[in-house]
Amino acid sequence: MNIGDIARKWLQNLTFLAAALTLFMAPNAALAQEAESADVAAEAAVEAEAPAFEHFGADMIKGQPEDGGLTFQAQYSPNGEYALWMHDAILMPIITVISIFVLFLLLWVVFRYRRGANPVPSKTSHNTLIEVVWTVIPIIILLVIAVPSIRLLAAQYESPPEDAITITANGYQWYWGYEYVDNGGFEVISNMMPEADALAQDLPPQLEVDNRMVVPVNTPLRIQTFGADVIHAFGIPSLWFKIDAVPGRINEKMLTIKEEGIYYGQCMELCGARHGYMPIAIEARSMEDYEAWVLAQGGTVGEAEVVEVEAPAAEPAEAEETEETAVEA
Ligand SMILES: [Cu+2]
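Notes on the structure follow. (Residues numbered from 1 in each chain as written. Predicted model: local features only at pLDDT ≥ 70, side-chain atom pairs only at ≥ 80, totals over all residues.)

This part takes up the environment of phenylalanine 72. With respect to the helices, strands and loops of the structure, phenylalanine 72 is situated in the loop between helix H1 (3-49) and helix H2 (78-112). Distance in space between the C-alpha atoms of phenylalanine 72 and serine 238 is 8.5 Å, their sequence separation being 166 residues. In contact with phenylalanine 72, not counting residues within four places along its chain, are Leu84 and His87. (Helix = DSSP H or I, 4+ residues; strand = E, 2+ residues; numbered from the N terminus. Contact = placed C-beta atoms within 7 Å.)

This brings us to the environment of phenylalanine 186. Relative to the helices and strands, phenylalanine 186 resides in the loop between strand S2 (175-179) and strand S3 (187-190). On the neighbour-count criterion, phenylalanine 186 (14 C-beta atoms within 10 Å) is partly exposed. When the C-alpha atoms of phenylalanine 186 and valine 294 are compared, they prove to be 9.1 Å apart, with 108 residues separating the residues in sequence. Excluding anything up to four places from it in sequence, phenylalanine 186 contacts Tyr180, Gln297, Gly298 and Gly299. (Buried ≥ 20, exposed ≤ 12 C-beta atoms within 10 Å, placed from the backbone.)

Turning to H2, a few remarks are in order. The first and last C-alpha atoms of H2 sit 50 Å apart over 35 residues, in line with the 51 Å expected at 1.5 Å per residue. Of all the bends in H2, the largest measures some 35° and sits at histidine 87. (Expected span 1.5 Å × (residues − 1). Bend = angle between axes of the 7 residues up to and from the residue.)

Read across the open sheet, the 5 strands follow the order S4-S10-S9-S6-S7; overall the sheet is mixed. Of all the strands in the sheet, the pair left with one neighbour each is strand S4 (213-216) and strand S7 (241-245). Averaged over neighbouring strand pairs, the angle between their axes works out to 25° when direction is ignored. Relative to strand S10 (residues 279-285), S4 runs parallel, the two being bridged by 4 bridges. Across the sheet, residue methionine 213 finds its bridge partner in S10, namely isoleucine 282. Against the sheet, helix H5 (residues 287-296) engages S4 and S10, with an angle of about 140° to S4. (Pairing = 2+ DSSP bridges. Axes fitted to C-alpha atoms, helices over the stretch in contact; angles between N-to-C directions.)

Our next topic: helix H3 (residues 128-156). Across its 29 residues, H3 extends 42 Å between first and last C-alpha, which sits within 8% of the 42 Å expected from 1.5 Å per residue. Bending of H3 peaks at approximately 30° at the position of alanine 146, with proline proline 148 no more than four residues after it. Of all the 29 residues making up H3, 0 are buried; the element is thus mostly uncovered.

Moving on, we come to the nonpolar core. Soluble globular proteins tend to bury their nonpolar side chains together. Core analysis: the largest hydrophobic core is formed by 41 residues, its most contacted members being Val215, Leu239, Tyr263, Ile280 and Ile282. In contact with tyrosine 263, not counting residues within four places along its chain, are Lys62, Gly63, Tyr76, Ile236, Ser238, Leu239, Ile282 and Ala284. (Core = buried A, V, L, I, M, F, W, Y, C linked by C-beta atoms within 7 Å.)

So, about the pairing of strand S9 (residues 261-267). Counting buried positions along S9 gives 5 out of 7 residues, so the element sits mostly inside the fold. Taken together, the 2 bridges between strand S6 (residues 232-236) and S9 define a ladder with antiparallel strand orientation. Note that in S9 the partner of phenylalanine 234 across the bridge is cysteine 267. Sheet topology note: the S9/S10 ladder contains 6 bridges and is antiparallel. Opposite isoleucine 262, over in S10, you have glutamate 283 as the bridge partner.

As a packed pair, H2 and H3 sit with axes 10 Å apart at the nearest point and diverge in direction by 170°. Judged on the interaxial angle alone, H3 and H2 are roughly antiparallel. Between H2 and H3 lies a crossing of left-handed hand. Contacts between H2 and H3 involve Asn79, Tyr82, Ala83, Met86, Ile90 and Ile94 on the former and, on the latter, Ile141, Ile145, Pro148, Leu152, Ala155 and Gln156. Each residue belonging to the contact of H2 with H3 can be placed in one class, and the counts come to 10 nonpolar, 2 polar and no charged. (Parallel < 35°, antiparallel > 145°, perpendicular 65-115°, else oblique. Left-handed = near helix turned anticlockwise from the far one by under 90°. Nonpolar A, V, L, I, M, F, W, Y, C, P; charged D, E, K, R; others polar.)

Printed below as a string of structure tokens:
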């Protein structure tokens with residue numbers, strides 16, 4: 001073989017190698033390109049599905065006391081509406097009628113039986129008819145009040161349905177933490193917003209917070225409360241909702257909010273030096289908005305969280321151990 005032959009052979013080999021390489025790489029390159037465009041499409045889809053969550057502004061504040069208001073502030077939960085109706089339609093009319101009637105009796109006695117008109121006082125000490133009337137009528141009034149009153153009391157103790165969304169309000173000295181038990185278990189820490197920031201956004205200072213408790217509207221919520229250090233109380237007047245947050249135990253109460261909006265409350269149990277500076281701000285949103293917010297917080301939505309919650313494996317083992325110890329003992 002001369003040098004020319006060797007060179008030709010090498011050239012052939014090189015060409016073959018190059019061809020093989022090209023054949024091998026081409027589909028990969030195509031695949032990579034496809035994958036890249038798929039990624040871009042997926043990202044675009046995610047962006048389209050989950051628009052950036054925007055919190056409500058001052059125009060959505062509801063249930064605040066009004067200047068010159070005579071009754072309770074507007075109510076935004078079924079129990080609150082019922083309580084407001086009972087106050088306005090039953091209690092206030094009865095109180096008004098009784099007060100006017102007693103005032104009339106007093107004035108009547110003062111004028112009709114004054115000394116000038118009655119030089120000889122009456123010696124009457126019993127009147128069976130009047131005594132029966134002033135016993136029976138108050139009983140009827142009390143029964144009329146008792147019916148809606150006991151209904152309201154019972155409604156406030158009603159247990160939430162099984163599919164209610166559980167949110168735990170943890171009271172800390174001196175702020176609130178909202179734990180989304182059914183949405184991945186993340187906790188939102190909520191502190192009072194500095195006065196200047198609140199005023200700049202036209203929000204009520206000392207009521208507004210940095211992170212609101214976002215909840216879905218028209219959905220039964222299982223609100224659980226817990227005191228991390230001392231007793232606090234989770235109270236929102238416009239939702240007719242108040243429940244103590246006690247260390248060492250979990251309290252539970254159902255809450256359903258009827259309208260989207262921002263509702264303010266405060267800690268309602270004297271809990272220390274900054275008790276007056278741990279406000280509550282609830283933002284009720286549509287279910288879609290709520291889920292978007294949960295995802296933005298890193299939480300989970302839908303069926304997935306049911307699968308994630310597995311029964312603790314340690315339990316049966318512990319039970320066996322206690323059995324064994326019991327046998328040994
Ligand atoms: Cu407190």
